[in-house]
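Residues per chain, in single letters:
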There are 2 protein chains.
Amino acid sequence: MEGRNLLRFLFFLVTGLFLLLFTWANFPYLPSHKAELLDCTSFSPWCTSKSKPHLTTNPSNPTRGHRRHHSSDVPHHPLDPLTVQEIDRVRTILSSHAPLKASKRYTLHAVDLEEPAKPLVLRWKKGNPMLPRRASVIAVVEGESHLLTVDLATSQVTRDDVLPPSGYPTMTVEDMTTATKAPLVDGNFNRTIIERGIDLADLACLPLSTGWFGKSEEKRRLIKVQCYSMKDTVNFYMRPIEGLTVLVDLDSKQVVEISDRGQNIPIPNAANTEYRYSAQSKPMNLLNPISIEQPKGPSFTVENDHLIKWANWEFHLKAGSRAGVIISRVMFRDPDTGLLRNVMYKGLTSEFFVPYMDPTDAWYFKTYMDAGEYGLGLQAMPLDPLNDCPRNAYYMDGVFAAADGTPFVQSNMICIFESYAGDIGWRHAESPITGMGIREARPKVTLVVRMAASVANYDYIVDWVFQTDGLIRIKVGLSGILMVKGTPYVNMNQVPGQEYLYGTLLSENVIGVIHDHYLTFYLDMDVDGPDNSFVKVNLEKQMTANGESPRTSFLKATRKVAKTEKDAQIKFKLYEPAEFHVINPSKKTRVGNPVGYKVVAGGTAASLLDQGDPPQKRGAFTNNQIWVTPYNRSEQWAGGLLVSQSQGDDNLAVWSDRNRPIENKDIVLWYTLGFHHIPCQEDFPVMPTVSSSFDLKPVNFFESNPILRMPPNVENDLPICKPAASA
Amino acid sequence: MEGRNLLRFLFFLVTGLFLLLFTWANFPYLPSHKAELLDCTSFSPWCTSKSKPHLTTNPSNPTRGHRRHHSSDVPHHPLDPLTVQEIDRVRTILSSHAPLKASKRYTLHAVDLEEPAKPLVLRWKKGNPMLPRRASVIAVVEGESHLLTVDLATSQVTRDDVLPPSGYPTMTVEDMTTATKAPLVDGNFNRTIIERGIDLADLACLPLSTGWFGKSEEKRRLIKVQCYSMKDTVNFYMRPIEGLTVLVDLDSKQVVEISDRGQNIPIPNAANTEYRYSAQSKPMNLLNPISIEQPKGPSFTVENDHLIKWANWEFHLKAGSRAGVIISRVMFRDPDTGLLRNVMYKGLTSEFFVPYMDPTDAWYFKTYMDAGEYGLGLQAMPLDPLNDCPRNAYYMDGVFAAADGTPFVQSNMICIFESYAGDIGWRHAESPITGMGIREARPKVTLVVRMAASVANYDYIVDWVFQTDGLIRIKVGLSGILMVKGTPYVNMNQVPGQEYLYGTLLSENVIGVIHDHYLTFYLDMDVDGPDNSFVKVNLEKQMTANGESPRTSFLKATRKVAKTEKDAQIKFKLYEPAEFHVINPSKKTRVGNPVGYKVVAGGTAASLLDQGDPPQKRGAFTNNQIWVTPYNRSEQWAGGLLVSQSQGDDNLAVWSDRNRPIENKDIVLWYTLGFHHIPCQEDFPVMPTVSSSFDLKPVNFFESNPILRMPPNVENDLPICKPAASA
C-alpha cells in the first residue's frame, strides 16, 4: 500500500512537472517568477473571463433580449427599486458618513429601497406625490455589519445600527471572485495542485460558504475554496480536485487553513462533460419548430417599468439582489363588481437551504443558503431569449450596487410572458347518459414571471404563474450542474459491499452526492385587506353511529382558526390531511362563507436532519412546511437578516416560537417547498429540469367561477403562420 | 311541527297543481293520459336528446376535428383494437352461440380485443403475419355474467365462463339511459315530482351506481336514480330534487324502492348556473389570441392508425371502452446506441374511486368506480378542437360495441399533440462567480395524449405526457360540474352551530358535498425487458459518530429490493421518504448501476375511510399509493373484473395479499393518485380545472442526459405569423 502511494506520488510528480514544462513552453504570457504566477488574471482563462464586466450578454446573440439604459430611470411607484441615480446618491451620502469615512475599507453588501411603511403604500394612489425615498444598506465596516438607512430627500444617514456578530451579510460579487484567487498565494496549495497533475492554467475555483459549526466559524468572514480542472471542458464542475479545501478570510484574503486529503483520488476525465451546443459533435434535432404565437401581441402591459397588468391581474414587479424576484401589491379585478381586490401585499423567495448529505471533511459544510449567502438576484444571469423564455417574452433588468456602491445593471434578469400549453381552463361535455350534446371547453392561458438564478453549478428557475381564475402557482425548476465528488472507483463492482458512497456513481470517478433543496417563500397575504386569519380545515375520519347509515365512516371537515403562531406551525401528513386557508374574517360571500385563499401543496420533501445539527439549527425555517407570523417588516428573510455563518439564533423558527397572536391580524404565510435529490446518471453532465410547485388558490374568494364568461377559441381568431424563410 | 308540515304539503300541492295546469296549457305535446306521460321521449327535451345518436359532434363546429369512416379498418398490429368488421363478426358468432341463442335477452357489456399472449406480442415484428385475432366479451345472460372468448379465425366461442355473482360488468350505455326512464312508470314517483313543483317536462335523471352494502345489493343488477330540474338551465346538476332516490332493477327496469325524504328542501334556483358561452349575457374577453404553432407540421407520425412515433419515443395507442386510453409497447430510442429500448408494456387508467363524504340516505352510496361501472371510454365524448386540444392536435376515435353487439364510433375521443409552454428542458448559465459568460438553455417540448371522460357531472382529463428526456408524466385534471345537495339554507348564518353540512354552501340552497377522487393506474413496466425488480431507496437520518464530523446527521440512502408483494405495498410518508425504482437487475450501465425507472409522486391524497367500511373494502386498491404485482393477464382492473356492486373479494388488495414473489419477475406497478375535494364557491356552476400528476422517470436508464445534444431555438427557425383575417 505504502509502495503504491509512493508510486502514485512519483507518477503525479512527474506528470505535474511535465505539464508545467509543457505550459512553460507553450503559454504566451508565461509567468517567469512566482509573483506573476499568483496573479491569475494573467494566465488562467477562468480568471481572465472573470474580470470581464458581468453584464455581458451571449455574444453569439447580441440582438436577443433587450438593452435598456437606466441612467434616466425615475421612480413612479413607492415600491419601485432604487434607480441608478439614487444608488449613486446613496454611495455619495455614505462616503461622507462619519463611521464609513473614517474606515479605510468598507463594503456595501446590500443597497435596496427601504420600502415605505405598508399603510402608506396601501393608501398611495397613482397621481399622488411620490412617498419619501430611502435606501436600506448593509455595510461591513472594519469587520462589523452595519444596517443603515439613507434618506434620499435629506441626504442624511438616519439610522446606523451595528448588528450583533452572529452571521454576516450576503457576499458581494467581489467577495466571491477575489476569494477564489486567494489560495494561489499559498505555496502548499500550489504544490498540491501541481502534485495532482493540474496545470495552474486549468484551475477553476469556487467560493463555498462555510456555514457555522462552532467557534472556528465565528468573528470573521470566512469562505471555503475548492477547485476543479477545466482542462478540455467548460464543465469543470465534473472534474473536482477532491478533498482539497482552502479556508480563506474574506476580508484579509488570507488563507487560514488548507485541508488536503484526496491525493489518491484522480481528477475525473473530461470526456462527455461538455454541454454547449456549439461543442456537440453529433447534434440531435428530432423536432419541427414549435412556438407560442400571439400575432396581435401579448395581452399584458408594463406600466412605468414595474406595474404589470394582465387579464384581471395587476401587480408590481421588481428585481431584488437577494430575493431575485419581488412581487408586490397583487390585486385581482373582481369579475362581478369590476373592483380591484387585494390578494397579496408581497411575495418573494426568502431563503434556500441546500444541505449535502456527506459528513466527511470536504463536504460536511456544504449546507448552502443561496439567497442570504450568494444573493439570488446577484446570481440571476441574463435569460436566453427563445430558450429560457418564449418569443413573446418581455424582459426586465435588475439595478444593483457593487461592493463600492457603484450601480450596475443585471440585464434581462426577469422575463414575463403568456403561456398556453394546450391545457384546459375548465370544461364540461354532456355524456351519453344525458345525450344533451353539450361540449364546452376553455383554453388555459397563464402569465409567467420567471427568473433563473445560477448559484455556481445549480440553476434555480423560479416561476410565478398567474391564472385567469385567480390561482397563483409558484413553480421551481432545478437544472444546471451537480456538485460532484471525486472517487477512485470507475465501476460499482469495485466498491466494497460495506462502503457507502454518499451518492451515485454517475461516471468514471464521479459521484453525485445526495442533497436536499428547500425553498422558503415569504407570502404576505392580504386577502381583501391586511387583517386576515389562518384557518386549518382538517379532514378527519368520522365513524357513523350504529344503524345511522350503511356506511361506517366518512371524512368530516372541521375548521380551526389559528390563535397564535404555534397553531400555524404545520407539518404535512398524508394521513392527517387538511386545507390551509388565509381568510378575511370580516368579509363574507353572499351566502356567508369567509373570503379566502388556500395554499395547496404539490410534491414536496421535508428536512430530516437532526434538530441539533448546526446546519438544521441555521435552517430551522425548514422545520415546518408552513408557518404564519404577524407582519413585522424586519422579518422578511427566513434565515435571518445576516445568513452567512449565522448561528440559528435569529430566524423564522425563533420568531414563530414567540407564539404571537395571529388571529385577525396582518399575517405573513411562509411556505417551504422541498426536494430530495439522489442524483442519477441522467443528471450528468447537466441535469434535465426537475420541478415542483405549490398554489395559492382562491377559496370562496369569488362568488362563483371567475372564468365562467371567458370565450372559447375559434379558428378565425388564431394566427396564420408560415415557416420562417431560412427554415 | 306537524302543522307546519301540513302547511308545507298544502303549499307544494297547490304549487304543483298550478305548475301542472300551466304546463297543460302551454306545452304543445301535452300528454293527455298517464300512459303517454310515461313515455318521456315524447315530451322531455332531456329524454328526447338522449335518443339522438351519441356520435354527434358539436353542430356549431362541423369541420373541427375529423370524421373517419371505420368500415374498412384493418388491424396492422397485434394490439390494434377490434375493427368495425370484427365487432360485427363477434356479434354474429355470439348470436349463434348456444347459451346466448337460447336466451331471450342477453346484453354485451364489453367487446374487446383479447390481446395475444405477451411473449407473442413481444416477439412480433412489423411485416410478420398478424397474430390470431380473438375477442374478449363480457355478456349478461339471464342475470348471469359470462366471460367469453370469440376466436375470429375459427368463428368459435372458445371460452364461456360463468362468473361468480360478486359484482356485475360495466353498465351499457343502454342501461344508463333506460334506467333513468324507469321511475316515470311509478305513480309515487310522479306524485312526489309534481308535489315538489317540478314540471315533468323539466325532469332530468341520472343513473347512480349503488355500490354494495350487504344483502340488499346482491343477486340482481341495481341502479339508483336521482333527478333534477332542468327548467331554465342546462346545468340541471345544480337543481337537485334532494332526498328522492329511486332504486331500479337494471334488467327488469322495475322500480324496487323509492326513498323520498327531502320534501322540505326547495329546488335551488336556476340563476347563474348556465355555463354555455352562447348563453352568457356578458362575455369576458381579456386576452389576445394565443396559439401553439408548428408551420412545418407536427413532429410525430401515426402509423397504421395506432403506432405513434415522436422524437425518441414509439408506442401503440388505442381507445378502450373501460380504460379510455390504452398505451402499449412504449419504447425509447437510446440516443447513444440508436436502439429501441422497452420501457412499459402497457399503461392505462385501471379504476377510479370517488367516495362522497355524506352518510345520509340519499348520499351514502355515492362511492363511484367510474371505469368499471360507467366505462371511461364510453363516457369520453368527442374532444373540442382548439379548446380541449390545441390546433396542432391529431384525433383518434374509439370503436366500441353497443349492448346488442353493434359497433359504434366514439369519434375524436383521444387527441395527440405537441406542447410547448415556454418551459425549460435544461439550462445552465455561468454566474458572475466564474464569469465565463456561458448561457445554454433548451426549450422543453412534450407530446401529450389526452382524453376527457365526462362521467355524468364530472370531467376527468387524463394526459399521458412524453418528454424528450425519457420522462412520462401522467397528469389528471378534474373539471366539470359538482354533484351537489339541496338544502333549505341560503346563507351560512342560518345554519345552527352544531349542524354539519357535509360540504360547503356554494349558492343559495346548494351544498357542494366533500368527496375524494382516487385514480389507480396500471403500469406494466418492462424496463429493458419483462423481468424487473422493485427497489425501495430509503432516505434515513443517520447520526454521525462522536467526533466523526462537525455535522451530527445526514441522510443515508439504502436500497431494499422487494422480494414479495407485501414488500411493495407502499404508503407515502413525508418524514420517511423513499424513491421507488423499477429496475432491470440483469442490466447495468457502463459504471455499474442497474438501469431503471422511478415513480415520482406529485401532490396526492390517501383514502382515510374505515377499512371495514363497505366502500373502502371495494376500493381497497386505494389502501396504498403503490402496489407491485407479478404480471398476470387476468389482473388488469384494480377493482376487479366485475366492479358494479362488487363486494371487495376480487381486487388488487386481495391479489397483493397473496404475497407472491416479485423479484426479477415480470412485474406490474400500480399507482394511485388522490384528491380530497372540499368544494368552494369558485367550483360553481362549473369547476376550474384542478390537476395533479405523477412521473415515471428514467433513473440510470441512460448513461447520461439523453437530451444533451438537443438544439436550442433560433429565431430563424420559428414561424412567421400574422393575425387571422377576421381577427
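It should be emphasised that the depicted structure is a prediction, and the values quoted were computed from it without experimental measurement.

Thoughts on the overall build of chain A
When its secondary structure is counted, chain A shows 12 helices and 32 strands. Principal-axis analysis of the C-alpha atoms places the extent of chain A at approximately 85 × 65 × 65 Å. Considering only intrachain contacts with a sequence separation of at least 6, the fraction spanning at least 24 residues in chain A is 68%. As displayed, chain A offers around 25,000 Å² of accessible surface, 53% of which is attributable to carbon and sulfur atoms. Positive and negative charge centroids in chain A, built from 75 and 79 side chains respectively, lie 3 Å apart.

What about the state of the cysteines?
Counted by the stated rule, this structure contains 5 disulfides over all chains. C389 of chain A shares a disulfide with C415 of chain A; S-S distance 2.1 Å. Around the S-S axis, the bridge from C389 of chain A to C415 of chain A shows a dihedral of about -95° and counts as left-handed. Of this pair, C389 of chain A sits in the loop between α10 (376–379) and β16 (394–401) while C415 of chain A sits in strand β17 (residues 407–429), and the two are 26 residues apart along the sequence. For C415 of chain A, a relative accessible area of 0% puts it in the buried group. Here C205 of chain B pairs with C227 of chain B through a disulfide, and the sulfurs are 2.1 Å apart.

Description of the domain arrangement of chain A
Residues and elements named next belong to chain A. By domain assignment, chain A separates into domain 1 (2–56 + 172–275), domain 2 (84–162) and domain 3 (301–420 + 443–481 + 515–529 + 559–677 + 686–710). Contacts between the two partners involve 4 residues from domain 1, matched on the other side by 4 residues from domain 2. For the pair domain 1 and domain 2, the summed buried area comes to about 320 Å², and 59% of that belongs to carbon and sulfur atoms. Of all residues in domain 1, the largest losses of buried area upon contact with domain 2 belong to T172, R221 and D251, amounting jointly to 95% of the total for that side. Linking domain 1 with domain 2 are 0 salt bridges. The interface formed by domain 1 and domain 2 holds 0 residue pairs in polar contact (both at pLDDT 80 or more) in total. Residues belonging to the side of domain 1 that touches domain 2 are distributed by class as follows: no nonpolar, 1 polar and 3 charged.

A word on the relation of the copies chain B and chain A
Mapping chain B onto chain A is achieved by rotating through 180° and translating by 0.0 Å along the same axis, at an RMSD of 0.0 Å. The two molecules are tied by a two-fold rotation axis, judged by turn and shift. A high fraction, 100%, of the interface residues of chain B reappear at the interface in chain A, so the copies pair face to face through one surface.

Digging into helix α8 (residues 187–195) of chain B
The periodicity of an α-helix, 3.6 residues per turn, causes residues three or four places apart in sequence to face the same way. Residues and elements named next belong to chain B. Within the span of α8, buried status applies to F189, N190, T192, I193, I194 and E195. N-cap assignment for α8: the residue whose side-chain oxygen lies 2.9 Å from the backbone N of N188 is D186. After α8 finishes, the residue G197 shows a positive phi value of roughly 85°.

Side note on the sheet that holds strand β6 (residues 222–229) of chain B
Residues and elements named next belong to chain B. Judged by pairing direction, the sheet is antiparallel, and its 4 strands sit side by side in the order β5-β6-β7-β8 without closing on themselves. With partners counted over all chains shown, the strands left at the sheet margins are β5 (203–208) and β8 (255–260), one partner each. Averaged over neighbouring strand pairs, the angle between their axes works out to 25° when direction is ignored. Here α8 sits on the sheet and contacts β5, β6, β7 (244–249) and β8; the angle it forms with β7, its principal contact strand, is near 160°.

Quick look at the sheet that holds strand β1 (residues 106–113) of chain B
All names here are of chain B. Overall, antiparallel pairing links the 4 strands, which are arranged β1-β2-β3-β4 in an open sheet. What marks the edges here is a single partner per strand, and that holds for β1 and β4 (156–162). Between one strand and the next, the sheet's axes are offset by a mean angle of 20°, whatever the strand orientation. Bridging between β1 and strand β2 (residues 134–141) involves 7 bridges; their strand directions are antiparallel. Across the sheet, residue D112 finds its bridge partner in β2, namely S136.

Observations regarding the UniProt feature "domain: Copper amine oxidase catalytic" (unreviewed entry) in chain A
With numbering aligned to this structure, UniProt lists the feature "domain: Copper amine oxidase catalytic" (unreviewed entry) at residues 291–707 of chain A. End C-alpha to end C-alpha, residues 291–707 of chain A measures 25 Å, and it is 5% helix and 50% strand.

Parameters at a glance
- The numbering scheme is per chain: residues are counted from 1 as the chain's sequence reads.
- For naming, the first written chain is A and the first written ligand is 1, with later ones following in the order written.
- Per-residue local features of the predicted model are confined to residues with pLDDT of at least 70, and side-chain atom pairs are confined, for both listing and counting, to 80 or more; whole-chain, interface and lining totals are unaffected and use all residues.
- Side-chain metrics in this entry use all non-hydrogen atoms of the structure; hydrogen atoms and water are not considered.
- A run of H or I in DSSP becomes a helix once it reaches four residues, and a run of E becomes a strand once it reaches two; helices and strands are each numbered from the N terminus.
- In what follows, a contact means two residues having at least one pair of non-hydrogen atoms within 4.5 Å.
- Shrake-Rupley sampling with a 1.4 Å probe provides the accessible areas, and residues are treated as covered by the protein chains on show and by no other component.
- By the counting rule applied here, Lys and Arg register as positive and Asp and Glu as negative, while His and the ends of each chain are not counted.
- Charge placement uses NZ in Lys and CZ in Arg. For Asp and Glu, CG and CD serve respectively.
- Our working definition of a disulfide is a cysteine sulfur pair at a distance within 2.5 Å.
- The rule is simple: take the accessible area with a 1.4 Å probe, protein chains only, and divide by the maximum for that residue type; under 20% is buried, over 50% is exposed, in between is partly exposed.
- For the purposes of this description, domain bounds are those given by an automatic or database domain assignment.
- Put simply, buried area is how much 1.4 Å-probe accessible surface two parts lose in total, over both of them, once they are put together.
- Whenever Lys or Arg places a side-chain nitrogen within 4 Å of a carboxyl oxygen from Asp or Glu, that contact is recorded as a salt bridge.
- Here a polar contact is recorded for every N or O atom pair within 3.5 Å, except that within protein the pair must consist of a potential hydrogen donor and a potential acceptor, and residues adjacent in sequence are included only if both atoms are side-chain atoms.
- Gly is put with the polar residues, along with every residue not named as nonpolar or charged; the nonpolar set is Ala, Val, Leu, Ile, Met, Phe, Trp, Tyr, Cys and Pro, and the charged set is Asp, Glu, Lys and Arg.
- Copies overlap after least-squares fitting; the atoms used are the C-alpha atoms of residues with pLDDT of at least 70 in both.
- Strand pairing requires that DSSP identify at least two bridges connecting the strands.
- Helix axes use the C-alpha atoms of the stretch in contact, all axes being lines fitted to C-alpha atoms, and the angles between their N-to-C directions lie in the range 0 to 180 degrees.
- UniProt positions are given in the numbering used here, feature names are shortened, and annotations may be inferred rather than shown by experiment.

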